[in-house]
Amino acid sequence: MILAFESSSATASVAVLSNGELIAERSLHSTRTHSKTLLPMAQALMEECGFAPNELTALAVNCGPGSFTGVRIGVCIANAMGLALNIPVISINSLLCLNENIAFYPGNVCVMIDARNDSVYTAQYKFGEVVRPPVALTVEQCLKDVPEGTIFVGDGAIQYEAQIRKSAANATIAPAASMFCRAGSLCYIAHRRLQSGEVDGTQQAEPLYLRVSQAERMWEKRNQE
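Residues numbered from 1 in each chain as written. Predicted model: local features only at pLDDT ≥ 70, side-chain atom pairs only at ≥ 80, totals over all residues. Heavy atoms only, no water.

Caption draft 1: Focus on the sheet that holds strand E8 (residues 129–138). Across the sheet, 5 strands lie side by side as E8-E7-E6-E9-E10; this open sheet has mixed pairing. Unpaired on one side and paired on the other, E8 and strand E10 (172–173) mark the two borders of the sheet. Looking at chain direction, strand E6 (residues 108–116) and strand E9 (residues 151–153) are connected through 3 bridges and run parallel. By the bridge assignment for E9, Val109 is matched with Ile151. (Pairing = 2+ DSSP bridges. Helix = DSSP H or I, 4+ residues; strand = E, 2+ residues; numbered from the N terminus.)

Caption draft 2: The environment of Met1, seen in detail. Relative to the elements of secondary structure, Met1 occurs in the segment before strand E1 (2–6). For the pair Met1 and Pro53, spaced 52 residues apart in sequence, the C-alpha separation works out to 9.7 Å.

Caption draft 3: Broad picture of the pairing of strand E7 (residues 119–126). Counting buried residues in E7 gives 7 out of 8 residues, a clear majority hidden from the surface. With 7 bridges joining them, E7 and E8 adopt antiparallel strand pairing. Along E8, the bridge assignment pairs Ser119 with Thr138. The loop that links E7 with its antiparallel partner E8 comprises 2 residues; one of these, Phe127, has a positive phi angle of about 55 degrees. (Buried < 20%, exposed > 50% of the residue type's maximum accessible area, 1.4 Å probe, protein only.)

Caption draft 4: Broad picture of the layout of surface pockets. By volume, the second largest pocket amounts to about 250 Å³. In terms of lining residues, the second largest pocket is bounded by 14 residues, among which Leu96, Asn99, Glu100, Gly128 and Arg192 are the most central. Mapped by element, the contributors of at least two residues to the lining of the second largest pocket are helix H3 (94–101) and helix H7 (183–196). Looking at the lining of the second largest pocket, its residues break down into 7 nonpolar, 3 polar and 4 charged. (1 Å grid on protein atoms, 1.4 Å probe; cavity = no way out; pocket = protein on both sides within 12 Å on 5 of 7 lines; lining within 4 Å. Points joined across faces, edges and corners; volume = space filled by probe spheres on them. Nonpolar A, V, L, I, M, F, W, Y, C, P; charged D, E, K, R; others polar.)

Caption draft 5: Layout of the packing of aromatic side chains. Within the structure shown, the criterion is met by 1 aromatic pair. Where Phe68 meets Tyr209, the ring centres are 4.8 Å apart and the plane angle is 20 degrees; that geometry is what we call stacked. Of this pair, Phe68 sits in helix H2 (residues 68–85) while Tyr209 sits in the loop between H7 and helix H8 (214–224), and the two are 141 residues apart along the sequence. Residue classification places Phe68 among the buried residues on the basis of a relative accessible area of 17%. (Phe/Tyr/Trp six-rings, centres within 6.5 Å; stacked < 30°, edge-to-face > 60°.)

Caption draft 6: Focus on the environment of Cys110. Residue position: Cys110 is located in strand E6. Using a relative accessible area of 0% as the deciding quantity, one classes Cys110 as buried. Sequence spacing of Cys110 and Gly149 is 39 residues, and the spatial spacing of their C-alpha atoms is 10 Å. For Cys110, the residues in contact, after removing those within four places along its chain, are Thr122, Ala123, Gln124, Arg132, Cys142, Thr150, Ile151, Phe152 and Val153. (Contact = heavy atoms within 4.5 Å.)

Caption draft 7: Representation of the pairing of E6. Counted residue by residue, E6 has 7 buried out of 9 residues, so it is predominantly covered. Where E6 and E7 come together, 8 bridges link them in antiparallel fashion. In the sheet register, Arg116 faces E7, and the bridge partner there is Ser119. With antiparallel pairing between neighbouring strands as the criterion, E6 and E7 make up a hairpin whose turn holds 2 residues, including Asn117 at a positive phi of roughly 55 degrees.

Caption draft 8: Geometry of the pattern of salt bridges. Under the definition given, this model contains 4 salt bridges. Notably, a salt bridge pairs Glu48 with Arg26, separated by 2.4 Å at the nearest N-O pair. With Glu48 in helix H1 (residues 34–49) and Arg26 in strand E3 (residues 21–29), this residue pair connects regions lying 22 residues apart in the sequence. Owing to a relative accessible area of 27%, Arg26 belongs among the partly exposed residues under this scheme. (Salt bridge = Lys/Arg side-chain N within 4 Å of Asp/Glu carboxyl O.)

Pasting the structure below:
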């Protein structure tokens, strides 16, 4: 049994998977911070499903990239629960999570998460295999040499659709429902990792940022002046 936490964007979600099947998922888009909503959502979901925390086999969490604060909240909650329950915390990046949303697509996938200032967090996949690992690039760099017929997914694909249409031959934009990370997708990836024996029983999650935060960039700039 796996409980997953998604907090890398404005929408928080939690999900429970049992014996390889997703049995419940809940999402909340709120002005309240994830620190106030994520754990109560998870507790309510477990109660509704009739499961106790000590029945969990593992936890899964989105480690980023995404909202710096949101990622930290999810990782901290998952790691604290993992230590308390003595179960592994499976760390899954946002780009792989979005690729899972369109696992049905039998071709090239380009994941784009808006990083602002004409930049994106991006990765490319084909048949589930990594073609380009997660990296922070400008939109222009991201779209350079993208294979023909690629499908684009993520909020960056929404934000920069015009540039995609102009630069990528025969591009497809993924359905709206697949554009944001879901805790349910984290569950499926975590389940496969457990089944394959990849998971260390004591492992914990670490945030994946790909670049420093705006606050850190501003601090560095001030100290260079």
